[in-house]
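Chain by chain, the residues:
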Amino acid sequence: MEPILTIENLKTSFMTSNGEVQAVRGVSFSVGRGEIVGLVGESGSGKSVTSMSILRLLADTAKIKEGKILFEGEDLTKCSKARMRKSRGGKISMIFQDPMSSLNPLIPVGKQVGEMIRIHHPEKSKEEIRREVLELFSGVRIPEPEKRYGSFPHEFSGGMRQRVMIAMALANRPELLIADEPTTALDVTIQDQILKQLRELEKQFGTSIIFITHDLGVVAELCDRVIVLYGGLVMEEAAIDDIFERPRHPYTLGLLASIPSVDQDKSRRLQPIPGSPPDMTKPPEGCPFAPRCRYARRVCAEELPEMTEVGTGHYSRCWLLDPEAPAENNPFCGKRGESHE
Ligand code: SF4
């Protein structure tokens, strides 16, 4: 699949009073045209900083220190601020987690969505823009679009506000949509509807989507491929079926053990991953997951394993993928899927 976005060795840091926080430490992946890619990990794994780096929406204290972000062949790390403003909300757009803080409470929602169109298409008349906004509202299933055009954000439910945000993100038919935990605050029924809409979008317009979440359950419903992040690094990357049927990283196994499944034994308890993510002001030299990994060996804390291809399009970063690793201490043997050996 032809990539629309390729990220190469991205390193993004924040300068704080406690020193440099190395939030993203060399992330590489690509997104194909019309593909939905899940970026998964706990808080602090680097997923949101990666997405903010793509859009160059980082705080003033943050800096992209190294790497390339190639969108349709152009390196976004080198684009001027004016050029980035043009891309944002145009070819690339974003849906944020909290629509209330992203919408202006004093401006009717129809006008806010229309403004997004006007910025990128000043040649369009007011009537044309209004018509497009109403079409967008119908498209994201906001009932009675004419009536809701002039409503204010506080007059909408959480799910409806998120639909307004989706309409805004789609206003200029983006080629790449970044959705950062867009359904986290919503109940499961609304979450399900929004995920279905994102899937429809991808089918209808061929929009590529990066879906950021900590929830592998949501990823299973929506994504074609998954990138698992931890400690500012990619730990595993695979097609959705491979992640669920043949996971090849202890961190991914931990994430999978912490989500419920329909067919699981009801007496089995969900297992949270013990411990907490590393302090990114002093990122570990070795595998960042080592302090929490029940399979860790001495080498794990000392040296960072490379990404290794373990199947077609399936990559993982773990010393246990070493054929010399003892099978009795290898979680990939006989527990989920087949052995890597
Ligand atoms: Fe665990 Fe070592 Fe693999 Fe890291 S490299 S996930 S610590 S076994």
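Here, every reference points to the structure presented above.
Residues numbered from 1 in each chain as written. Predicted model: local features only at pLDDT ≥ 70, side-chain atom pairs only at ≥ 80, totals over all residues. Heavy atoms only, no water.

(A) Inspection of the layout of surface pockets at higher detail. Taken as a whole, the second largest pocket spans an internal volume of roughly 380 Å³. Forming the walls of the second largest pocket are 18 residues, and the residues nearest its centre are Gly89, Met94, Phe96, Met116 and Met168. For the lining of the second largest pocket, the secondary structure elements donating two or more residues are strand 6 (92-95), helix 4 (109-120) and helix 7 (158-170). When grouped by side-chain class, the residues that make up the lining of the second largest pocket number ten nonpolar, five polar and three charged. (1 Å grid on protein atoms, 1.4 Å probe; cavity = no way out; pocket = protein on both sides within 12 Å on 5 of 7 lines; lining within 4 Å. Points joined across faces, edges and corners; volume = space filled by probe spheres on them. Helix = DSSP H or I, 4+ residues; strand = E, 2+ residues; numbered from the N terminus. Nonpolar A, V, L, I, M, F, W, Y, C, P; charged D, E, K, R; others polar.)

(B) Structural detail: the pattern of salt bridges. According to the stated counting rule, one finds 23 salt bridges in the structure shown. Across the salt bridge formed by Arg225 and Glu35, the nearest N and O atoms sit 2.7 Å from each other. Of this pair, Arg225 sits in strand 9 (residues 225-230) while Glu35 is found in the loop between strand 2 (19-32) and strand 3 (36-40), placing the two residues 190 residues apart along the sequence. Considered together, Arg225 and Glu35 belong to a single accessibility category, that of buried residues. Note that Arg225 is salt-bridged to Glu237, the shortest N-O span being 2.5 Å. With Arg225 in strand 9 and Glu237 in strand 10 (residues 233-239), this residue pair connects regions lying twelve residues apart in the sequence. Several salt bridges converge on common partners, so that one network encompasses Glu2, Arg33, Glu72, Lys91 and Glu175. (Salt bridge = Lys/Arg side-chain N within 4 Å of Asp/Glu carboxyl O. Buried < 20%, exposed > 50% of the residue type's maximum accessible area, 1.4 Å probe, protein only.)

(C) Fine view of unusual backbone geometry. Even without being glycine, Arg56 reaches a positive phi, approximately 50°. According to the relative accessible area criterion, Arg56 is partly exposed, its value standing at 26%.

(D) Region of the structure containing the packing of aromatic side chains. As enumerated under the stated definition, the model contains three aromatic pairs in all. Centroid distance Tyr230 to Tyr251: 4.6 Å. Interplanar angle 55°. Geometry classified as tilted. Placement of Tyr230 in strand 9 and of Tyr251 in helix 11 (residues 250-257) is noted, with a sequence separation of 21 residues between them. Relative accessible area serves as the criterion here: at 0%, Tyr251 is assigned to the buried category. With 5.2 Å between their ring centres and 80° between their planes, Tyr230 and Phe289 make a pair best called edge-to-face. Taken together, the residues span a long stretch of sequence, with Tyr230 in strand 9 and Phe289 in the loop between helix 11 and helix 12 (298-302) at a distance of 59 residues. For the residue pair Tyr230 and Phe289, the accessibility class agrees, reading buried in each case. Over the ring of Tyr149 we find Arg130; its NZ or CZ atom is 4.3 Å from the centre of that ring. Across from the ring centre of Phe156, 4.3 Å away, lies the NZ or CZ of Arg148, which sits over that ring. (Phe/Tyr/Trp six-rings, centres within 6.5 Å; stacked < 30°, edge-to-face > 60°. Lys NZ or Arg CZ within 6 Å of the ring centre and 35° of its normal.)

(E) Fine view of the pairing of strand 1 (residues 3-16). Inspection of the sheet shows strand 1 paired to strand 2 by ten bridges, in the antiparallel sense. The residue bridging Lys11 from the neighbouring strand is Arg25, located in strand 2. Hairpin connection, strand 1 to strand 2: the antiparallel pair is bridged by two residues. Looking at chain direction, strand 1 and strand 4 (residues 62-71) are connected through eight bridges and run antiparallel. Looking at the pairing, Lys11 lines up with Glu66 of strand 4. (Pairing = 2+ DSSP bridges.)

(F) Spotlight on the nonpolar core. Of all hydrophobic cores here, the largest spans 62 residues; its most connected members are Ile95, Val113, Leu177, Leu198, Phe211, Leu216 and Val226. Ranked by residue count, the leading element in this core is helix 7, at eight residues. When residues of this core are assigned to domains, at least three map to each of domain 1 (99-172) and domain 2 (252-339). For Val113, the contacting residues outside a window of four places in its chain are Val133, Leu136, Phe137, Val164, Ala167, Met168 and Ala171. The next biggest cluster of nonpolar side chains, apart from the first, holds 30 residues, and it includes Ile4, Leu39, Leu58 and Leu229. (Core = buried A, V, L, I, M, F, W, Y, C linked by side-chain atoms within 4.5 Å. Domains from an automatic or database assignment. Contact = heavy atoms within 4.5 Å.)

(G) Fine view of the sheet that holds strand 11 (residues 308-311). Spatially, eight strands are ordered 6-7-8-3-9-10-12-11 in an open sheet, and the strand pairing comes out mixed. If you trace the sheet from one side to the other, it starts and ends with strand 6 and strand 11, each paired once. The mean angle between the axes of side-by-side strands here comes to 20°, regardless of whether they run parallel or antiparallel. Across three bridges, the pairing between strand 11 and strand 12 (residues 314-316) is antiparallel. Counted as the bridge partner of Gly311 is His314 from strand 12. Packed on one face of the sheet, helix 7 meets strand 6 and strand 7 (176-180) and runs near 175° to strand 6. (Axes fitted to C-alpha atoms, helices over the stretch in contact; angles between N-to-C directions.)

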